Amino acid sequence: MRGSGPESDIVISSRIRLARNLAEFPFIRRCTPQDRKSIEKMVHDRLQVIPGFNTLYYLRVDELAHVDRQFLTERQLISREHAEAEGARSVAIDNDERLSVMINEEDHLRIQVMKSGLDLHSAWDQINEVDDQLESKLSYAFHERLGYLTACPTNVGTGMRVSVMLHLPALVITNQIEKVFRSLQKINLAVRGLYGEGSQAMGDFYQISNQITLGKSEEELIGQVSGVVPMIIEYERKARDFLITQNREDLHDKISRAYGILCTAQTISSEETMHLLSSVRMGVNLGLIDDLAISDINKLFVETQPAHLQKLRGNELDTAGRNIERALYLRRYLQDRGKEHRDERN
Amino acid sequence: MKCQQCEKPATFHITELTGEKPHELHLCEQCAQSYLTQNPSGGMPIQPSLAGMLHHQLKVADTAKELAKLDEQVCPICGISFYEFRNQGRLGCPHDYTCFGSELDPLIVNIHGDTQHAGKHPKHHQQSSQDQTRLIQLHNDMKAAVEKEDYERASQIRDEIRKIEEGQS
């Protein structure tokens, strides 16, 4: 979410995750609490002896406070399921928060690498290397014909999910987004909202990922996703061009109003914030707002989420309190950035 | 009965009469609501859940009696029954892929359109499926030996595990 990397005006992030299980234990569902502890300890101990892995932050998720688990979820370092599960479980995270290894999620190991912008090939190089290193110290459940064995048959084979998060506001405004969904489904790609499975698309963010994991190599699966993304980018850019040439005033008005509300609101929900930030983000890309950079908007998307606000404030807040805190944070941030930009220009 | 889309109890039982044959759906309140309010002209349709897919596949393939018999099958390694897998959509251990193979393979073809892995292979500890099953069994035996305070047996088992892990079996 750094707002850098190829195509970062439309592509927020590229992510690859690998599901792996240890050969000597049952899958998580059938693990006893003792098994879960043994897996957790075994993976932790082995991570310590892999060069470069002993510097990872290692957090026992089951020992964290609710707000801290939520914080990690908001930063996409652990899944919602991992945050809410029970029993011994942990996560290892690298310094720049690009790599995370979840231990005892649905599978014993869920390795994930995230990059800013459209950068699947370098994400694959990194995760492949991490996987090889882990596998040199752990024995994975692997079947000669079926590949890496996973708790759910939807992940068997490569155990790999390749996903790209896209910001597609113009396709939403021009009602063309459904056409994109339908064509993606025809080629076996799944489309989901911001926080993955089952979640609604908020702020016009959509995640595109491979549905099949067996029968194709990792490179082929990456090729399929990275081949289709430029077409969607092109489609979104055309829709933006159409909006700005056909309806510049209306578009500019919508974006300026959104920016105005964010700068002045006294209380604001998470959902409204996402919605308005989405308009402002498009405004920055189209040059209709010049006080802000894309990295500012991406930062605001992350930091106005519930756990982030509570961490910032240093105490727990109920919904009403969070809405006030969110509005205050937005007002201060946008005023400061706006002032800095104006000073730079003068 | 559990919801075909998630883990919650199914409280809505919907029979769709739009296709050639009636199609039954068992959903919790939340999934039923999103199913019933989804845009019929497109939008984001609910992906059929694994349990739903299996339910459909088995209904087509087997009589109720055969299905009941199948449901009673239990994996000797992890103890999960086919019924549990069918309901939860999650397997109990790597051996289930062999144990429930004849039912799982059609499901895997349904999901992936293939049953042959074409990706990377582990470079280091590549054990046969039998060795992997044996490892789970040995770990269970070791737990039992430790519980019985039979430490001599536990250390024998540990040596056996090490041999398999180091590829010397």
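This is a predicted model, so every value here is computed, not measured. (Residues numbered from 1 in each chain as written. Chains lettered and ligands numbered in written order. Predicted model: local features only at pLDDT ≥ 70, side-chain atom pairs only at ≥ 80, totals over all residues. Heavy atoms only, no water.)

## A few points about the overall build of chain B
Tallying secondary structure elements over chain B gives 8 helices and 2 strands in all. The secondary structure elements of chain B, listed N-terminal to C-terminal, are β-β-α-α-α-α-α-α-α-α. Taking all 169 residues of chain B together, the buried fraction comes to 40%. Counting only contacts in chain B whose residues sit at least 6 apart along the sequence, the fraction spanning at least 24 positions is 35%. In the structure as shown, chain B presents an accessible area of about 9,900 Å², 52% of it carried by carbon and sulfur atoms. (Helix = DSSP H or I, 4+ residues; strand = E, 2+ residues; numbered from the N terminus. Buried < 20%, exposed > 50% of the residue type's maximum accessible area, 1.4 Å probe, protein only. Contact = heavy atoms within 4.5 Å. Areas by Shrake-Rupley, 256 points an atom, 1.4 Å probe, with all protein chains shown as cover.)

## Looking at the overall build of chain A
For chain A, the count of helices and strands is 12 helices and 10 strands. For chain A, the C-alpha radius of gyration of 21 Å lies close to 20 Å, the compact-globule estimate for 346 residues. Counting only C-alpha atoms, chain A reaches 65 × 45 × 35 Å along its principal axes. Looking at the 346 residues of chain A, the share that counts as buried comes to 58%. Total accessible area computed for chain A in this model is approximately 14,100 Å², and 48% of it derives from carbon and sulfur atoms. Here chain A contributes 44 positively and 51 negatively charged side chains, and the mean placements of these two sets differ by 2 Å. (Rg over C-alpha atoms; globule rule 2.2 N^0.38 Å. Lys, Arg positive; Asp, Glu negative; His and termini not counted. Charge placed at Lys NZ, Arg CZ, Asp CG, Glu CD.)

## Here we look at the layout of surface pockets
Empty space within the second largest pocket amounts to approximately 660 Å³. In terms of lining, the second largest pocket is formed by 25 residues, of which the most central are A:Met42, B:His139, B:Met142, B:Arg158 and B:Ile161. The set of elements that each furnish at least two residues to the lining of the second largest pocket consists of helix H1 (33-48) of chain A together with helix H7 (129-147) and helix H8 (151-165) of chain B. Broken down by element, the lining of the second largest pocket gets its largest block of residues, 7 residues, from H8(B). Split into classes, the residues belonging to the lining of the second largest pocket amount to 8 nonpolar, 7 polar and 10 charged. (1 Å grid on protein atoms, 1.4 Å probe; cavity = no way out; pocket = protein on both sides within 12 Å on 5 of 7 lines; lining within 4 Å. Points joined across faces, edges and corners; volume = space filled by probe spheres on them. Nonpolar A, V, L, I, M, F, W, Y, C, P; charged D, E, K, R; others polar.)

## Considering the interface of chain A and chain B
Taken together, the contact between chain A and chain B spans 54 residues of the former and 51 residues of the latter. In total, chain A and chain B occlude about 4,500 Å² of area from one another, counting both sides; carbon and sulfur atoms represent 53% of this. For the chain A face of the interface with chain B, the top three residues by lost area are A:Arg29, A:Arg30 and A:Phe142, together amounting to 15%. Our count for the contact surface shared by chain A and chain B stands at 7 salt bridges. If you look at where chain A meets chain B, you find 22 residue pairs in polar contact (both at pLDDT 80 or more). (Buried area = accessible area lost by both parts, 1.4 Å probe. Salt bridge = Lys/Arg side-chain N within 4 Å of Asp/Glu carboxyl O. Polar contact = N/O pair within 3.5 Å; in protein donor to acceptor, adjacent residues only side chain to side chain.)

## Digging into the packing of aromatic side chains
Inspection of every chain in the model, using the stated rule, returns 7 aromatic pairs over all chains. Consider the rings of B:Phe82 and B:Phe100, whose centres lie 5.2 Å apart with planes at 70°: the pair is edge-to-face. You can see B:Phe82 sitting in helix H4 (residues 82-88) and its partner B:Phe100 sitting in the loop between helix H5 (96-99) and helix H6 (101-112), a full 18 residues away along the chain. Judged by its relative accessible area of 1%, B:Phe100 is buried. In this structure an aromatic cluster arises from ring pairing among A:Tyr140, A:Phe142 and A:Tyr148. For the cation-ring pair, A:Arg20 lies above A:Tyr148, with the distance from its terminal atom to the ring centre recorded as 3.5 Å. (Phe/Tyr/Trp six-rings, centres within 6.5 Å; stacked < 30°, edge-to-face > 60°. Lys NZ or Arg CZ within 6 Å of the ring centre and 35° of its normal.)

## With respect to the side chain of A:Glu105
All names here are of chain A. Looking at the secondary structure, you find Glu105 in the loop between strand E4 (99-103) and strand E5 (109-116). Of note is the side chain of Glu105, whose polar atom sits 2.5 Å from the side chain of Ser79. For Glu105, the side chain forms a polar contact with the side chain of Arg110, separated by 3.5 Å. Residues contacting Glu105, with those up to four places away along its chain left out, are Ile28, Ser79, Glu81, His82 and Arg110.

## Observations concerning the environment of A:His121
Residues and elements named next belong to chain A. Position of His121 among the secondary structure elements: in helix H4 (residues 120-135). Placed 180 residues apart in sequence, His121 and Phe301 show a C-alpha to C-alpha distance of 26 Å. When neighbours within four sequence positions are excluded, His121 is seen to be in contact with Ile222 and Ser226.

## Some words on the nonpolar core
Counting residues in each nonpolar core, the largest one holds 88 residues, and the members touching the most others are A:Ile16, A:Ile111, A:Leu134, A:Leu166, A:Ile232 and A:Val280. Top contributing element to this core by residue count: helix H7 (residues 218-246) of chain A, with 10 residues. Those residues in contact with A:Ile232 that lie beyond four places of it in its chain are A:Leu166, A:Leu168, A:Leu171, A:Val180, A:Leu184 and A:Ile208. If you look at the next biggest cluster of nonpolar residues, it comprises 28 residues, including B:Leu67, B:Cys75, B:Leu104 and B:Ile108. (Core = buried A, V, L, I, M, F, W, Y, C linked by side-chain atoms within 4.5 Å.)

## Concerning helix H10 (residues 294-303) of chain A
Burial analysis of H10(A) places 7 of its 10 residues in the buried class, which makes it a mostly covered element. The complete set of buried residues in H10(A) reads A:Ile294, A:Asp296, A:Ile297, A:Asn298, A:Leu300, A:Phe301 and A:Val302.

## What about the environment of A:Thr174?
Residues and elements named next belong to chain A. Tracing the chain through its elements places Thr174 in the loop between helix H5 (169-173) and helix H6 (177-186). The spacing of Thr174 and Glu236 is 62 residues in sequence and 9.8 Å in space, taken between C-alpha atoms. Once residues lying within four places of it in the same chain are set aside, the contact partners of Thr174 are Ala239, Phe242 and Leu243. Of the polar contacts made by the side chain of Thr174, one reaches the side chain of Gln176; its length is 3.0 Å.

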